[in-house]
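Each chain, letter by letter, is given below.
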Amino acid sequence: MPGTEPFAKMESLTAFDRAAVVVTAVVAGITDDQYGLPTPCTEWTSRSVLNHIVIGNMIADAIVAGRAHPDRSIDRPDRDPKATLARSPAGTRAVLGQDGLLQRTVSTPMGEAPGPTLVHTRVAELLVHSGDLATATGQATDLDPELAEYVMAEWSTRPGDRPRSMLPFADPQPVPNGACAADRLAAYLGRPVVVA
């Protein structure tokens, strides 16, 4: 069952399953009048973040299949963003769960990497953007604390010596007292965090 395995022992596909549960729940809490709200991602609305999540999943699918990446300029959520998002993680999970993928080397946006790196990237995107959507729409941001700690452990070492300017996130932001694990992760990845 997603949500029951300690993060220290979590396998990458288990982490993906848990992240998919989180993003699906947050998106279910968005009302139709909230798609235009601003998010912690500069210049992105809630709908833009949804589009980014779906396109990111499509890119992962294309990487595994060796296809060209999808056109980022197309609005993927279309008329029913919730339905589009609900289908997206399930399709990507099937692709990432293919036999042998975790033993392969794949070409990710950050360079050649082992298959689990692609899975970890999707986990981080799903969880962090769930936090963006939750913040924008007034939902709780305390999203799967064990998973947030798992993602933080992964991403606090992955960049290595590369400067932040070469990475897809901004400089770390201050962490307020009382911040939950997901908020600490958001701050580490450059989001401003306010604790009520």
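Above this text sits the structure in question.
J.: Please explain the overall build of the protein as it appears in this structure.
T.: Counting its secondary structure elements, the protein contains six helices and two strands. Counting from the amino terminus, helix and strand elements in the protein follow one another as α-α-α-β-β-α-α-α. For the protein, buried positions account for 48% of its 196 residues. Within the protein, contacts between residues at least 6 apart in sequence are counted, and of these 61% link residues at least 24 apart.

J.: Just to check I follow, could you spell out the layout of surface pockets for this structure?
T.: Using a probe with the size of a water molecule, rolled over the atoms, empty space left in the structure can be pinpointed. Approximately 220 Å³ is the volume attributed to the second largest pocket. Those elements that provide at least two residues to the lining of the second largest pocket are α4 (115–136) and α6 (181–188). No other element matches the four residues that α4 contributes to the lining of the second largest pocket. The residue makeup of the lining of the second largest pocket, split by class, is six nonpolar, five polar and three charged.

J.: I tried to follow the nonpolar core on my own but got confused; where do I start?
T.: In a soluble, globular protein the nonpolar side chains are often hidden away together inside. By size, the foremost hydrophobic cluster in this structure holds 50 residues, and its most contacted members are L96, V123, L127, L133, L147 and V151. Breaking this core down by element, the ones donating at least two residues are α1 (12–28), α2 (46–65), α3 (81–96), α4, α5 (145–155) and α6. Ignoring any residue separated from it by four or fewer positions in sequence, one finds L96 in contact with L13, F16, V64, L101, L118, V119 and R122.

J.: Please clarify how the pattern of salt bridges should be interpreted in this entry.
T.: Two side chains bearing opposite charge may form a pair once their charged atoms approach each other closely. If you walk through the whole model with that rule in mind, you get six salt bridges. R18 is the salt-bridge partner of D144, the closest N and O atoms lying 2.7 Å from each other. Placement of D144 in the loop between α4 and α5 and of R18 in helix α1 is noted, with a sequence separation of 126 residues between them. Neither D144 nor R18 differs from the other in exposure class; each is buried.

Rules of the game
Residues numbered from 1 in each chain as written. Predicted model: local features only at pLDDT ≥ 70, side-chain atom pairs only at ≥ 80, totals over all residues. Heavy atoms only, no water. Helix = DSSP H or I, 4+ residues; strand = E, 2+ residues; numbered from the N terminus. Buried < 20%, exposed > 50% of the residue type's maximum accessible area, 1.4 Å probe, protein only. Contact = heavy atoms within 4.5 Å. 1 Å grid on protein atoms, 1.4 Å probe; cavity = no way out; pocket = protein on both sides within 12 Å on 5 of 7 lines; lining within 4 Å. Points joined across faces, edges and corners; volume = space filled by probe spheres on them. Nonpolar A, V, L, I, M, F, W, Y, C, P; charged D, E, K, R; others polar. Core = buried A, V, L, I, M, F, W, Y, C linked by side-chain atoms within 4.5 Å. Salt bridge = Lys/Arg side-chain N within 4 Å of Asp/Glu carboxyl O.

Without other data, these values stay purely geometric and don't point to any function.
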